[in-house]
Amino acid sequence: MPDEATTKEMALEHTRRVNAGKLEELLKLYAPAVRFEDPVGSGERIGHGALRSHVKNAIACQVNEVPLEPVGSPSGRYAAVEVTSTMNYLPNGPLVARTGVFDPPSDPETARMRISCVMVIRVGVDGLIDDMRSYWGPSDVVLLEGPDQ
């Protein structure tokens, strides 16, 4: 079984590998049959293939994840961390805009988005993340336009 410190470190390592664009290295943190949902309520997805596709899109947006200090659980299996992600509006921003969260930007090529979320992971007995949930809603997404973004 993982301990609390290891599980917290895995949550932080997730953000490091995403920021570095190390998709295959990120997948090594996850069980092959991982279940994940980002955001919670959008539908659960299962497996490395689904996670690869999801993270590949984030990397294509040049995402930068900034985590705060994770918190653990008494069992050592769970960790939660608040993460602020900033990314290019393209290619995924139009999907967000269609939900009515914000109007499309005047210049999609230079616009960015910022999403504040809480990521919760669970680590299995094999030492790999077997469940990941990212909690965020419409009020947690901000469109960034202009030179000061």
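In short, a report on the structure. Predicted model, so just to flag it, every value in this text is computed and none were measured. Residue numbering note: each chain is counted from 1, following its sequence as written. Where local features are concerned, this predicted model is filtered to residues with pLDDT of at least 70; where side-chain atom pairs are given and counted, the filter is 80 or more; whole-chain, interface and lining totals use all residues. Each side-chain value is derived from all of the structure's non-hydrogen atoms; neither hydrogens nor water enter the calculation.

1. A short note on the pattern of salt bridges
As a reminder of what qualifies: The salt bridge criterion pairs a side-chain nitrogen of Lys or Arg with a carboxyl oxygen of Asp or Glu, the two atoms within 4 Å. Helix numbers and strand numbers start at the N terminus; a helix is a DSSP run of H or I with at least 4 residues, a strand a run of E with at least 2. Summary of the burial criterion: residues with accessible area below 20% of their type's maximum are buried, those above 50% are exposed, and those between are partly exposed, where the area comes from a 1.4 Å probe applied to protein chains only.
Summed over the entire model, instances satisfying the criterion amount to twelve salt bridges. Close ionic contact of R16 with E13 constitutes a salt bridge, the shortest N to O distance being 2.7 Å. A residue pair is termed a helical-turn pair when its members lie 3 or 4 positions apart in one helix, as R16 and E13 do in helix 1 (residues 4-19) at three residues. One salt bridge in this structure joins E44 and R133, with 2.5 Å as the shortest N-O distance. On the criterion of sequence distance, the pair formed by E44 in the loop between strand 1 (30-37) and strand 2 (45-46) and R133 in strand 7 (residues 129-135) is long-range, its members being 89 residues apart. E44 sits in the partly exposed class, given a relative accessible area of 39%. Beyond isolated ion pairs, a larger network of salt bridges with shared partners links R35, E37, E44, D131 and R133.

2. Details of a nonpolar patch on the surface
Here is the rule we go by: Patches here: salt-bridge-free residues with over 30% relative accessible area, like charges joined within 9 Å, nonpolar side chains (Val, Leu, Ile, Met, Phe, Trp, Tyr) joined within 5 Å. Note on areas: these come from Shrake-Rupley sampling with a 1.4 Å probe, and a residue is covered only by the protein chains present in the view.
Residues V40, V118 and Y135 make up a contiguous nonpolar surface patch of roughly 230 Å² in combined accessible area. Structurally, Y135 is set in strand 7.

3. Here we look at the layout of surface pockets
Short version of the rule: Buriedness for pockets is judged along seven lines, at least five of which must meet protein on both sides within 12 Å for an open set on the 1 Å grid over protein atoms alone, while cavities are sets there where a 1.4 Å probe fits but cannot get out, and lining residues have an atom within 4 Å of a point. Grid points are joined across faces, edges and corners, and a volume is the space filled by probe spheres set on the points.
Approximately 730 Å³ is the volume attributed to the largest pocket. In terms of lining residues, the largest pocket is bounded by 31 residues, among which D38, P39, H54, I115 and W136 are the most central. The element that contributes the greatest number of residues to the lining of the largest pocket is helix 3 (residues 48-60), accounting for seven residues.

4. Looking at the state of the cysteines
The criterion, for reference: Disulfide assignment relies on a single distance test, namely cysteine sulfur atoms paired within 2.5 Å.
Within the structure shown, the criterion is met by zero disulfides. Left unpaired, C117 is separated from the closest cysteine sulfur, that of C61, by 14 Å.

5. Considerations on helix 1
Here is the rule: What a helix is expected to span follows from its residue count: subtract one and scale by 1.5 Å.
Look at helix 1: 23 Å from first C-alpha to last across 16 residues, which is about the 22 Å you get at 1.5 Å a residue. Positive backbone phi, approximately 70 degrees, marks G21, located one or two places after helix 1.

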